[in-house]
Amino acid sequence: DAKTTQPPSMDCAEGRAANLPCNHSTISGNEYVYWYRQIHSQGPQYIIHGLKNNETNEMASLIITEDRKSSTLILPHATLRDTAVYYCIVRVPFLYNNNDMRFGAGTRLTVKP
Amino acid sequence: GAGVSQTPSNKVTEKGKYVELRCDPISGHTALYWYRQSLGQGPEFLIYFQGTGAADDSGLPNDRFFAVRPEGSVSTLKIQRTERGDSAVYLCASSSQNNEQFFGPGTRLTVL
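Criteria and thresholds
- Residues numbered from 1 in each chain as written.
- Chains lettered and ligands numbered in written order.
- Predicted model: local features only at pLDDT ≥ 70, side-chain atom pairs only at ≥ 80, totals over all residues.
- Heavy atoms only, no water.
- Contact = heavy atoms within 4.5 Å.
- Buried area = accessible area lost by both parts, 1.4 Å probe.
- Salt bridge = Lys/Arg side-chain N within 4 Å of Asp/Glu carboxyl O.
- Polar contact = N/O pair within 3.5 Å; in protein donor to acceptor, adjacent residues only side chain to side chain.
- Helix = DSSP H or I, 4+ residues; strand = E, 2+ residues; numbered from the N terminus.
- Nonpolar A, V, L, I, M, F, W, Y, C, P; charged D, E, K, R; others polar.
- Disulfide = S-S within 2.5 Å.
- Buried < 20%, exposed > 50% of the residue type's maximum accessible area, 1.4 Å probe, protein only.

Here we look at the interface of chain B and chain A
Okay, so step 1: Tallying the contact residues gives 21 residues for chain B and 19 residues for chain A.
Okay, so step 2: Summed over both sides, the interface between chain B and chain A buries roughly 1700 Å², with carbon and sulfur atoms accounting for 51% of that surface.
Okay, so step 3: Summed over the shared surface of chain B and chain A, the result is zero salt bridges.
Okay, so step 4: Seen at the junction of chain B and chain A, the total is three residue pairs in polar contact (both at pLDDT 80 or more).
Okay, so step 5: Residue assignment for the side of chain B that touches chain A shows that the elements contributing at least two residues are strand 4 (31-37), strand 5 (44-50) and strand 6 (53-56) of chain B.
Okay, so step 6: Of the residues forming the side of chain B that touches chain A, the biggest block, four residues, is contributed by strand 4 of chain B.
Okay, so step 7: In terms of residue class, the side of chain B that touches chain A is built from 10 nonpolar, nine polar and two charged.

Observations concerning the state of the cysteines
Okay, so step 1: A complete count under the given rule lists two disulfides over all chains for this structure.
Okay, so step 2: Here cysteine 22 of chain A engages in a disulfide with cysteine 88 of chain A; their sulfurs sit 2.1 Å apart. Linking cysteine 22 of chain A and cysteine 88 of chain A, the disulfide has an S-S dihedral of approximately -85 degrees and is accordingly described as left-handed. Remark: cysteine 88 of chain A occurs in strand 8 (residues 84-91) and cysteine 22 of chain A occurs in strand 2 (residues 18-23); sequence separation between them is 66 residues.
Okay, so step 3: Relative accessible area serves as the criterion here: at 1%, cysteine 22 of chain A is assigned to the buried category.
Okay, so step 4: The disulfide partner of cysteine 23 of chain B is cysteine 92 of chain B, and the gap between their sulfur atoms is 1.8 Å.

What follows is the structure, encoded as structure tokens:
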């Protein structure tokens, strides 16, 4: 069972920031927050991950609340190609005996012209 | 460089038949994962390999499903006596020690 809760769908205007929320109220101290996205008919694609500090890369920013019970993925200038299902996952990074990722249903983001 | 590749991209079979799905991971990645994705749902974990051994096969739904990775690179997911409920997209991913998983495009299996 997924440990995260995400809205099923969101819309965003092209060129605007897309803010995708995720609740993970049962996150444990050693679990990271990961975000992946899946464009139609493709495999999931890694976006970003973090533990407790905010993170930024060329694709997105990740804002994690101080209590770590929720986070927000920010796409600063959404384009039509960002239309996809976005998955928020909490997991402990690479352990030899625990390496599966539990995907929920994700948020279907539609970027509109 | 080359990403994760999966063959075939599409497979149509009849109920009761045996199928094999192949995954070629990124070169040098020691970890390999299989997932299954049904329409409208997120990927569901099946099995994880570290090298040649299955480190975690807790996601395999029943004993009709089996996977191998004999040389620690290519992996094959095998499904015996296929059922219509096995119809899904089967995704493979690989990762290095940095644990970010790279996914292949998947194999769409249709059981008639």
